[in-house]
Amino acid sequence: MNQAKSAMIVAYKEYRARALEDNIDIRKEEFERRVAVRKEQLGDEGAFWEKTSPELTDAIAQSHVRSEMAKELSLLSFEEFRTRELPQIGERFQLDPSEFGGESIPPQPTG
């Protein structure tokens, strides 16, 4: 059962990551525009950013924008995802659906 729990959590994290990547691919121009704006904002924040490599500044700006865009996504909650994926996880690990009662697979991801 622990493997099934872990598989559910990993599947949910992959679902969220895939949804974000798909969103960024669809909105590539907006993503790039927002990264450029964020890099400009970082440059305005002082001497530290002037000494920071362009690669690091770009990575930090991209990370910030990805985080913002992730918050804007309308995704399934873990509970909704769990309900949707339970049959596949159960089949994969050859578990009886009755074993999924209560908290067999946690209602929220951990870690």
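It should be noted that the structure appears before, not after, this text.
The structure presented is a predicted model; accordingly, all values stated were derived computationally and were not measured. (Residues numbered from 1 in each chain as written. Predicted model: local features only at pLDDT ≥ 70, side-chain atom pairs only at ≥ 80, totals over all residues. Heavy atoms only, no water.)

(A) Structural context of the overall build of the chain. Assigned secondary structure in the chain consists of five helices and zero strands. Counting from the amino terminus, helix and strand elements in the chain follow one another as α-α-α-α-α. Counting all 111 residues of the chain, 32% fall into the buried class. With the model as given, the accessible surface of the chain reaches about 7500 Å², and the carbon-plus-sulfur share is 50%. (Helix = DSSP H or I, 4+ residues; strand = E, 2+ residues; numbered from the N terminus. Buried < 20%, exposed > 50% of the residue type's maximum accessible area, 1.4 Å probe, protein only. Areas by Shrake-Rupley, 256 points an atom, 1.4 Å probe, with all protein chains shown as cover.)

(B) Just the packing of helix α1 (residues 2-26) against helix α5 (residues 78-92), in detail. As a packed pair, α1 and α5 sit with axes 10 Å apart at the nearest point and diverge in direction by 130°. Regarding the angle of α1 to α5, the classification is oblique. Of the two possible hands of crossing, α1 and α5 adopt the one that is right-handed. Only Phe78, Phe81, Arg82, Arg84, Glu85, Leu86, Ile89 and Arg92 of α5 make contact with α1, whose side of the interface consists of Ala4, Ala7, Met8, Ile9, Ala11, Tyr12 and Tyr15. A class-by-class count of the residues in the contact of α1 with α5 yields eleven nonpolar, no polar and four charged. (Axes fitted to C-alpha atoms, helices over the stretch in contact; angles between N-to-C directions. Parallel < 35°, antiparallel > 145°, perpendicular 65-115°, else oblique. Left-handed = near helix turned anticlockwise from the far one by under 90°. Contact = heavy atoms within 4.5 Å. Nonpolar A, V, L, I, M, F, W, Y, C, P; charged D, E, K, R; others polar.)

(C) Spotlight on the nonpolar core. Grouped together as the largest cluster of nonpolar side chains are twelve residues: Ala4, Ala7, Met8, Ile9, Ala11, Tyr12, Tyr15, Phe78, Phe81, Leu86, Ile89 and Leu95. Among the secondary structure elements, those contributing two or more residues to this core are α1 and α5. Broken down by element, the residue count for this core peaks at seven residues, all from α1. (Core = buried A, V, L, I, M, F, W, Y, C linked by side-chain atoms within 4.5 Å.)

(D) Region of interest: the environment of Leu75. For Leu75, the position within the fold is in the loop between α4 (54-72) and α5. We classify Leu75 as partly exposed; its relative accessible area is 24%. Spatially, the C-alpha atoms of Leu75 and Tyr15 are 9.0 Å apart, while their sequence positions differ by 60 residues. With residues up to four places along the chain from it excluded, the contact list for Leu75 reads Tyr15, Arg16, Ala19 and Glu80.

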